[in-house]
Amino acid sequence: IENGTLSYQTREFVDCAGNTSTTGTVDVLVNRTLVGRVTEFKILGGDYFPAVVFPFANAALRPEPGAEKDVRFGDLVLQPVGLGWHNGPWHSSVSWNIFLPTGKFTAGESNNVGKGLTSHMLTGGVTWLQESALPWAATGTLRYEYLGSQDTTGIKPGQVLTLEAGFSKEVASGIDLGILGYASGQITAEQGSAPGTDTTKYRTYALGPEITWRPETLPGAIFSLRYYRELHARNT
C-alpha cells in the first residue's frame, strides 16, 4: 500500500516560441493510493505484481488558467501486468497501466480532473543498488503513454514519452539523500482539434532533491519527500 500527495504550483505559461504570460498562481493537489501485491507467480522469471491506483484531485495535472478548486475522484489506474527481476545489485521492472476515464471531464469547463479518454502506459525501469552498508544507488525509468480519443470531442492528444532518473546515497542507517530529474513531452501532434487550435507539442524538464527515511521501528515503511523545479517548459 502506497499513498502519495503531489502539490504542483505554476504562475506562468510559456509558448513554443518562449514567450511568457502570467496566469496567476494555479495550485494543483493530487492524492493517490496504490494497492498492489507481489505474488509468488512468475512470468519469464519475473515476480508478478498487479496493482490499482485510486486518485483524487482538484484539477487536471496540466491545468488551464482559472482552474477551479473542487476535489473529485480522478482517472482510475489499473495495472494488470507488472514484473520485477532481481540479480545481485541490479533490479529491473516492466509494467502496463490502463488509465480509465472515471474523473470528471466536460469539454470547456475549468474544474475537470480527468482527461476524458482511455490511455495505456508502458513502463520499464532499472535500479542499481550498491551492496554495502551505506550504499549508493542509481535508477532510470522510461514511460510511454498512448492516449486514445476523447469521446465527447474526438480530440486525440499526442503520445507522451517520459524519462526519469535519480542518484542517491544512504548517509545514515535508513536515511537516503538524492537528486532526481525528468524529461517529458509529446512525441506526436494532437489530432482532431478545431481549425486554428494551437496543437504544438508540449515538453518540460525538471530537477530536484529527495530525502527518504526507512524507520527501523516500522519494518517495510518508507517515507520520502521530494521537490522539483521545472526547467525550460514549453506549451505547458
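As shown above, the structure is provided for reference.
Residues numbered from 1 in each chain as written. Predicted model: local features only at pLDDT ≥ 70, side-chain atom pairs only at ≥ 80, totals over all residues. Heavy atoms only, no water.

Turning our attention to the overall build of the protein. Check the secondary structure of the protein and you find zero helices and 15 strands. The dimensions of the protein, computed from C-alpha atoms along their principal axes, are 60 × 35 × 30 Å. Counting the 236 residues in the protein, one finds 32% classified as buried. Contacts in the protein between residues at least 24 apart in sequence constitute 52% of all its contacts with a sequence separation of at least 6. Within the structure as shown, the protein displays about 14,100 Å² of accessible surface, and the carbon and sulfur contribution to it stands at 60%. Charged side chains of the protein number 18 positive and 22 negative; the gap between the two group centres comes to 2 Å. (Helix = DSSP H or I, 4+ residues; strand = E, 2+ residues; numbered from the N terminus. Buried < 20%, exposed > 50% of the residue type's maximum accessible area, 1.4 Å probe, protein only. Contact = heavy atoms within 4.5 Å. Areas by Shrake-Rupley, 256 points an atom, 1.4 Å probe, with all protein chains shown as cover. Lys, Arg positive; Asp, Glu negative; His and termini not counted. Charge placed at Lys NZ, Arg CZ, Asp CG, Glu CD.)

Further remarks concern the packing of aromatic side chains. Per the counting criterion, the structure on display carries four aromatic pairs. Residues F56 and F73 carry aromatic rings whose centres are separated by 5.3 Å and whose planes lie at 80° to one another, so their mutual orientation is edge-to-face. Of the two residues, F56 sits in strand β5 (residues 51-57) while F73 sits in strand β6 (residues 72-73), which places them 17 residues apart along the sequence. Centre to centre, the rings of Y182 and Y228 are 4.9 Å apart; their planes meet at 70°, and the pair counts as edge-to-face. Of the two residues, Y182 is situated in strand β12 (residues 175-186) and Y228 in the loop between β14 (223-226) and β15 (229-234); the sequence distance between them amounts to 46 residues. (Phe/Tyr/Trp six-rings, centres within 6.5 Å; stacked < 30°, edge-to-face > 60°.)

Right, let's talk about unusual backbone geometry for a bit. Of note, the phi angle at L44 is positive, near 55°, even though the residue is not glycine. On the basis of relative accessible area, L44 is assigned to the exposed category, the value being 76%. Non-glycine residue H232 carries a positive phi angle of around 55°. With respect to the helices and strands, the residue H232 is situated in strand β15.

This part takes up the side chain of T212. Tracing the chain through its elements places T212 in strand β13 (residues 203-213). The buried category is assigned to T212, whose relative accessible area is 11%. With sequence-adjacent residues up to four places away left out, T212 is seen in contact with G174, I175, D176, I222, F223 and S224.

A few words on the pattern of salt bridges. Under the defined criterion, the tally for this structure stands at seven salt bridges. For D176, the salt bridge is made with R214, and the minimal N-O distance between the two is 2.6 Å. Taken together, the residues span a long stretch of sequence, with D176 in strand β12 and R214 in the loop between β13 and β14 at a distance of 38 residues. On the accessibility criterion, D176 (15% relative accessible area) is buried. (Salt bridge = Lys/Arg side-chain N within 4 Å of Asp/Glu carboxyl O.)

Assignment of secondary structure puts L231 in strand β15. Residues L231 and Y182 lie 49 residues apart in sequence; the distance between their C-alpha atoms is 10.0 Å. Once residues lying within four places of it in the same chain are set aside, the contact partners of L231 are T204, Y205, A206 and L207.

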